[in-house]
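Okay, here's what each chain looks like letter by letter:
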Amino acid sequence: MSETVSKPVVGIIGTGAIGGFYGVMLARAGFDVHFLLRSELSAVAERGLQINSAVHGPLTLHPANAYSAAEDMPPCDWLLVGTKTTSNAGLAPAIIQAAKPGAKVLLLQNGLDVEDSLRPLLPDSLHLLGGLCLICVHREGPGQITHQALGAVNVGYHSGSAIDEVARMAIVEEGAGLFRAAGIDSQAMANLHQARWQKLVWNIPYNGLSVLLGAGTEALMADADSRLSIQALMAEVVQGARACGYEIPPGYAEYLFTMTEKMPDYWPSMYHDFAHKRPLELEAIYARPLAAANAAGCELPRIETLYRHLGFIDRRNT
């Protein structure tokens, strides 16, 4: 007689565009998914979560297992964190409350070393992973998400009680398997720091320039001067990664540049934060890479200038 293997219980901490999209996809694939919300709880309880996807068509999850407090959630095997890095310092109590013993916590966030500030606040028994989302998605309104393109998630291990590399990679493969089961491309990354530097090749130019120039990807790619700025910033990220001991694959920046030309017009997450007067994720996306490169004896003047301009804009905006 074959033994039935139950699917893991998945909790979503921060049900915005990222958490909402991947949570709905996992729920549609048959996973037991539970969503932690704050201000949008009543809207999601009434209408569920709705995704207008250019890739998958209109998707609705109704009813959705939605909660306003982590203590009301069932113990979760996996916790997917979709909040902004600016709120990481206050996340630990909710994660600890919702996690099963030995649970896996996957941060679906941009930036460098975003796991470091959270790790000391969590029990050693919890596994902490990073997820790099290659996706064009944004929140349209309470419980309403627009998905324009892409969707892949690359997963890497940060820290926890896994005893060796084999055990760590088994957990990473399990995480990637969750997404693959939901029809989402997912790669297991042997080196999380390497993966985060690679994601910065896109995030540093496009996030910052969207705010600085008030433009989406279509306008940025259509103008000769902004194209040169993007390429110069990408080259500096590659230079910074190399100084820190991470070799970005040859042609990777060019691949991202060409991919962005083919995308629908996309306004990155930092622009949406700016438009809604939320704090910009400058620490994770700019300050930490600059500090790491500087510690390795590498100056990144274009990124430094962009970071200073964005800091001025952020202080005036918030």
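Now for a description of the structure that goes with this document.

Observations concerning the overall build of the chain
Then, number 1: A count of helices and strands for the chain gives 11 helices and 10 strands.
Then, number 2: Its C-alpha atoms give the chain a radius of gyration of 19 Å, within 12% of the compact-globule value 20 Å for 318 residues.
Then, number 3: In terms of its C-alpha atoms, the chain occupies a principal-axis envelope of roughly 60 × 45 × 35 Å.
Then, number 4: By the burial criterion, 56% of the 318 residues in the chain qualify as buried.
Then, number 5: Within the chain, counting contacts between residues at least 6 apart in sequence, those at least 24 apart form 70% of the total.
Then, number 6: Of the roughly 13,800 Å² that the chain leaves accessible, carbon and sulfur atoms contribute 53%.
Then, number 7: Of note, the chain has its 23 positive side-chain charges centred 3 Å away from the centre of its 31 negative side-chain charges.

Some thoughts on the packing of aromatic side chains
Then, number 1: Scanning the model with the defined rule gives eight aromatic pairs in all.
Then, number 2: With a centroid separation of 4.6 Å and an interplanar angle of 25 degrees, the aromatic rings of tryptophan 202 and tyrosine 206 are classed as stacked. Placement of the pair is tryptophan 202 and tyrosine 206 together in helix α5 (residues 192-213), with a separation of four residues, close to one helical turn.
Then, number 3: Of the residues examined, tryptophan 202 reaches a relative accessible area of 10% and is grouped as buried.
Then, number 4: Judged by relative accessible area, tyrosine 206 falls into the buried class, the value being 0%.
Then, number 5: Aromatic side chains tyrosine 252 and tyrosine 255 sit 6.2 Å apart centroid to centroid with 40 degrees between the ring planes, which places their arrangement in the tilted category.

What to know about helix α7 (residues 224-243)
Then, number 1: Taking 1.5 Å of rise per residue, the 20 residues of α7 would be expected to cover 28 Å, and the 29 Å separating its terminal C-alpha atoms lies within 8% of that figure.
Then, number 2: Inspection of α7 places Ser226, Ile230, Ala232, Leu233, Met234, Glu236, Val237, Val238, Gly240 and Ala241 among the buried residues, and these make up the whole buried set.
Then, number 3: The inward-facing, buried residues of α7 abut α5, α6 (217-222), α8 (252-262), α10 (282-295) and α11 (301-317).
Then, number 4: Two or three places before aspartate 225, at the opening of α7, aspartate 223 has a side-chain oxygen 3.0 Å from that residue's backbone nitrogen.
Then, number 5: Taken from the residues just after α7, glycine 245 is the one with a positive phi, measuring 95 degrees.

A few points about helix α1 (residues 17-28)
Then, number 1: End to end, α1 covers 16 Å across 12 residues, agreeing with the expected 16 Å (1.5 Å per residue, within 8%).
Then, number 2: Most of α1 sits inside the fold, with 11 of its 12 residues counted as buried.
Then, number 3: Among all positions in α1, only Ala17, Ile18, Gly19, Gly20, Phe21, Tyr22, Gly23, Val24, Met25, Leu26 and Ala27 are buried.
Then, number 4: Phi for glycine 30, located one or two positions after α1, is positive at around 100 degrees.

Section: the packing of α5 against α10
Then, number 1: Where α5 meets α10, the closest approach of the two axes is 10 Å, and the angle between their N-to-C directions is 125 degrees. When the interaxial angle is binned, α5 and α10 end up oblique. Between α5 and α10 lies a crossing of left-handed hand. Contact residues: Trp197, Leu200, Asn203, Ile204, Asn207 and Gly208 in α5; Ile285, Tyr286, Pro289 and Ala292 in α10.
Then, number 2: Across the contact of α5 with α10, the residue classes tally to seven nonpolar, three polar and no charged.

Quick look at the side chain of histidine 127
Then, number 1: Relative to the assigned elements, histidine 127 resides in strand β8 (residues 127-141).
Then, number 2: Here tyrosine 157 takes part through its side chain, which lies 2.8 Å from a polar atom of the side chain of histidine 127.
Then, number 3: If we skip the residues at most four places from it in the chain, histidine 127 touches Gly102, Ala103, Lys104, Val105, Arg119, Tyr157, Ser159, Gly160, Ser161, Ala162 and Ile171.

Some words on the pairing of strand β3 (residues 49-53)
Regular strands place side chains that alternate from one sheet face to the opposite one.
Then, number 1: Only one face of β3 is buried: it carries Leu49, Ile51 and Ser53, and the other face, with Gln50 and Asn52, is open.
Then, number 2: Pairing analysis gives five bridges linking β3 to strand β4 (residues 57-61), with the strands arranged antiparallel. Bridge pairing in β4 places leucine 49 opposite leucine 61.
Then, number 3: In this antiparallel pair of consecutive strands, β3 and β4, the connection spans three residues.
Then, number 4: With four bridges joining them, β3 and strand β9 (residues 144-159) adopt parallel strand pairing. What sits directly across from isoleucine 51, in β9, is isoleucine 145.

Procedures and definitions
Residues numbered from 1 in each chain as written. Predicted model: local features only at pLDDT ≥ 70, side-chain atom pairs only at ≥ 80, totals over all residues. Heavy atoms only, no water. Helix = DSSP H or I, 4+ residues; strand = E, 2+ residues; numbered from the N terminus. Rg over C-alpha atoms; globule rule 2.2 N^0.38 Å. Buried < 20%, exposed > 50% of the residue type's maximum accessible area, 1.4 Å probe, protein only. Contact = heavy atoms within 4.5 Å. Areas by Shrake-Rupley, 256 points an atom, 1.4 Å probe, with all protein chains shown as cover. Lys, Arg positive; Asp, Glu negative; His and termini not counted. Charge placed at Lys NZ, Arg CZ, Asp CG, Glu CD. Phe/Tyr/Trp six-rings, centres within 6.5 Å; stacked < 30°, edge-to-face > 60°. Expected span 1.5 Å × (residues − 1). Polar contact = N/O pair within 3.5 Å; in protein donor to acceptor, adjacent residues only side chain to side chain. Axes fitted to C-alpha atoms, helices over the stretch in contact; angles between N-to-C directions. Parallel < 35°, antiparallel > 145°, perpendicular 65-115°, else oblique. Left-handed = near helix turned anticlockwise from the far one by under 90°. Nonpolar A, V, L, I, M, F, W, Y, C, P; charged D, E, K, R; others polar. Pairing = 2+ DSSP bridges.

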